[in-house]
Amino acid sequence: MIGGRTRVVGIIGDPIEHSLSPRMHNAAFEYLKLDYVYVPFRVSGGMLGKAVEGVKALSLRGVNVTIPHKVSVIPLLDWVEETALDIGAVNTIVVENGRLKGYNTDGVGCLEALREEEVDVSGGKVVILGAGGAARAIAYSLAPLASELVILNRTGSKAVALAEELKEKGWNLRGGELRRGVLEDELKDAVLLVNATSVGMYPNVDESPVPREVLKSNLTVFDVVYNPIETRLLRDAKSAGAKTIDGVGMLVNQGAVAFRLWTGVNPPKEVMRKAVVDGLTGRGEK
Ligand code: ATR
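Note that the structure is predicted; figures quoted are calculated from it, not measured.

S.K.: Would you mind showing me how to read the site of the ligand here?
M.R.: Close to the ligand lie Gly130, Ala131, Gly132, Gly133, Ala134, Asn153, Arg154, Thr155, Lys158, Thr197, Ser198 and Val199, which account for all nearby residues. Between the ligand and Ala131, the relevant distance is 3.0 Å, taken from an oxygen atom to a main-chain nitrogen or oxygen of the residue. In this structure, an oxygen atom belonging to the ligand sits 3.4 Å away from a main-chain N or O atom of Ser198. Its residues assigned to classes, the shell around the ligand comprises three nonpolar, seven polar and two charged.

And the structure:
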């Protein structure tokens, strides 16, 4: 029950009503009997400054930050970790002694999701599709591990620019246009393919960013899209004999990292995953 000592966390964004984070975190708080509650806050563009002040003024423990505020929130914080500055986006705020600290848990969440499935990319070639926010976080987390990282995007110039930016860190990268011929070539010796575009996301569930024919069994395919849980890309990859990882893994793991930052406690990730899956499949509606 919510009481005088309950710590409040939440998520700020707009729109917010379809977020799965409240059910995911509240399920974990309930399971561990932690006196915390996670609340969705709809914050429109012009209200971000006031909302962030409010996070501090109301002594919230912290918040997640989502569309459209992940980038514009950065200058409003007292401190931001280096990874979040590199990625250029903050998705988690922790209030520490009245100071607002910003983190990005997407990259670590991606690595953790891969580790859970025992996928080791160290020394292997990775191909990432997309050059938006999700692709940036994933590229920054995988580039130091992979022997070679290739970023392909519908708008090729964005992939080239992202690859150039990461190359300055001393990592081995290339960027290019997302085309069938290029994909076919690049996937020949790749160990991991990550879809960080929105292609295949509900309602466009019959779309895939990759033709079925270029997928093969010695590849792991990781789709960041989690609605639907099994995307067309993952279905095609499975039928080609490839190992597949769905986007719920990354959603849960980025949440788990935030949960640890707020509470100092390891969350029950299976409970969080079940809450997300139930939310996506329409079960457990209150
Ligand atoms: P996110 O934060 O989820 O990464 P985003 O920054 O809007 O969202 O990026 C969306 C990504 O999906 C981009 O790489 C986008 O490609 P463009 O840069 O060319 O726009 C990609 N994307 C979206 N719709 C696509 C489509 N129909 N085909 C190919 N790529 C698509």
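S.K.: Can you help me understand the packing of helix H1 (residues 21–32) against helix H9 (residues 248–263) in this one?
M.R.: Each pair of packed helices can be described by the angle between their axes along with the distance between the axes. Direction vectors running N to C along H1 and H9 enclose 55°, while the axes themselves pass 10 Å from each other. On the basis of their axis angle, the class for H1 and H9 is oblique. Considering only the axes of H1 and H9, their crossing is right-handed. Touching Met24, His25, Ala28, Phe29 and Leu32 of H1 are Leu251, Val252, Gln254, Gly255, Phe259, Trp262 and Thr263, all from H9. Split into classes, the residues belonging to the contact of H1 with H9 amount to eight nonpolar, four polar and no charged.

S.K.: Mind showing me how you'd approach the pairing of strand E10 (residues 192–195) here?
M.R.: In the case of a regular strand, side chains alternate between the two sheet surfaces. Neither face of E10 is open: one carries Leu192 and Val194, the other Leu193 and Asn195, and all of them are buried. Looking at chain direction, strand E7 (residues 125–129) and E10 are connected through four bridges and run parallel. Counted as the bridge partner of Val126 is Leu192 from E10. Where E10 meets strand E11 (residues 220–223), four bridges bridge the pair, whose relative direction is parallel. Looking at E11, one finds that Leu192 is bridged to Thr220.

S.K.: Explain the sheet that holds strand E5 (residues 92–96) here, please?
M.R.: Strands belonging to one sheet form pairs held by backbone hydrogen bonds; the direction of such a pair is parallel or antiparallel. Spatial strand order, E2-E1-E3-E5-E6-E4: six strands in an open sheet with mixed pairing. A strand with exactly one partner marks an edge of an open sheet, and here the two such strands are strand E2 (36–42) and strand E4 (79–80). Note: strand E1 (residues 7–13) against strand E3 (residues 62–65), four bridges, orientation parallel. Bridge pairing in E3 places Gly10 opposite Val63. Across the sheet, H1 is in contact with E1, E2 and E3; its angle to E2 comes to roughly 170°.

S.K.: Even after reading the chapter, I still don't get the packing of aromatic side chains, so can you show me in this structure?
M.R.: The way to describe two aromatic rings as a pair is by their centre distance and the angle between their planes. Counted under the stated rule, the structure contains five aromatic pairs. Pairing Tyr38 with Trp262 gives two aromatic rings, centres 6.0 Å apart and planes at 55°, and the pair type is tilted. With Tyr38 in strand E2 and Trp262 in helix H9, this residue pair connects regions lying 224 residues apart in the sequence. With centroids separated by 5.6 Å and ring planes inclined at 65°, the aromatic side chains of Trp79 and Tyr103 adopt a geometry described as edge-to-face. Separated by 24 residues along the polypeptide, Trp79 in strand E4 and Tyr103 in strand E6 (residues 99–103) bring together distant segments of the chain. By relative accessible area, Trp79 is classed as partly exposed at 36%.

S.K.: Got a minute to help me understand the sheet that holds strand E9 (residues 173–177) in this structure?
M.R.: Spatially, six strands are ordered E9-E8-E7-E10-E11-E12 in an open sheet, and the strand pairing comes out parallel. If you trace the sheet from one side to the other, it starts and ends with E9 and strand E12 (243–245), each paired once. Each strand axis lies, on average, 15° off the axis of its neighbour in the sheet, ignoring direction.

S.K.: What is the right way to read the nonpolar core from this model?
M.R.: Among soluble globular proteins, nonpolar side chains are generally buried collectively. Core analysis: the biggest nonpolar cluster contains 31 residues, and Val126, Ile128, Ile138, Leu142, Ile151 and Val194 have the highest contact counts within it. Listing elements by their share of this core, those giving two or more residues are helix H4 (106–116), E7, helix H5 (133–142), strand E8 (148–153), helix H6 (156–167) and E10. Two domains each put at least three residues into this core: domain 1 (7–104 + 249–281) and domain 2 (107–245). Setting aside chain neighbours within four positions, we find Leu142 in contact with Leu111, Leu114, Val121, Val126, Leu149, Leu192 and Val194. Formed by 20 residues, the second largest nonpolar core is a distinct cluster that contains Leu20, Phe29, Val276 and Val277.

Rules and cut-offs
- Residues numbered from 1 in each chain as written.
- Predicted model: local features only at pLDDT ≥ 70, side-chain atom pairs only at ≥ 80, totals over all residues.
- Heavy atoms only, no water.
- Near = heavy atom within 4 Å.
- Polar contact = N/O pair within 3.5 Å; in protein donor to acceptor, adjacent residues only side chain to side chain.
- Nonpolar A, V, L, I, M, F, W, Y, C, P; charged D, E, K, R; others polar.
- Axes fitted to C-alpha atoms, helices over the stretch in contact; angles between N-to-C directions.
- Helix = DSSP H or I, 4+ residues; strand = E, 2+ residues; numbered from the N terminus.
- Parallel < 35°, antiparallel > 145°, perpendicular 65-115°, else oblique.
- Left-handed = near helix turned anticlockwise from the far one by under 90°.
- Contact = heavy atoms within 4.5 Å.
- Buried < 20%, exposed > 50% of the residue type's maximum accessible area, 1.4 Å probe, protein only.
- Pairing = 2+ DSSP bridges.
- Phe/Tyr/Trp six-rings, centres within 6.5 Å; stacked < 30°, edge-to-face > 60°.
- Core = buried A, V, L, I, M, F, W, Y, C linked by side-chain atoms within 4.5 Å.
- Domains from an automatic or database assignment.

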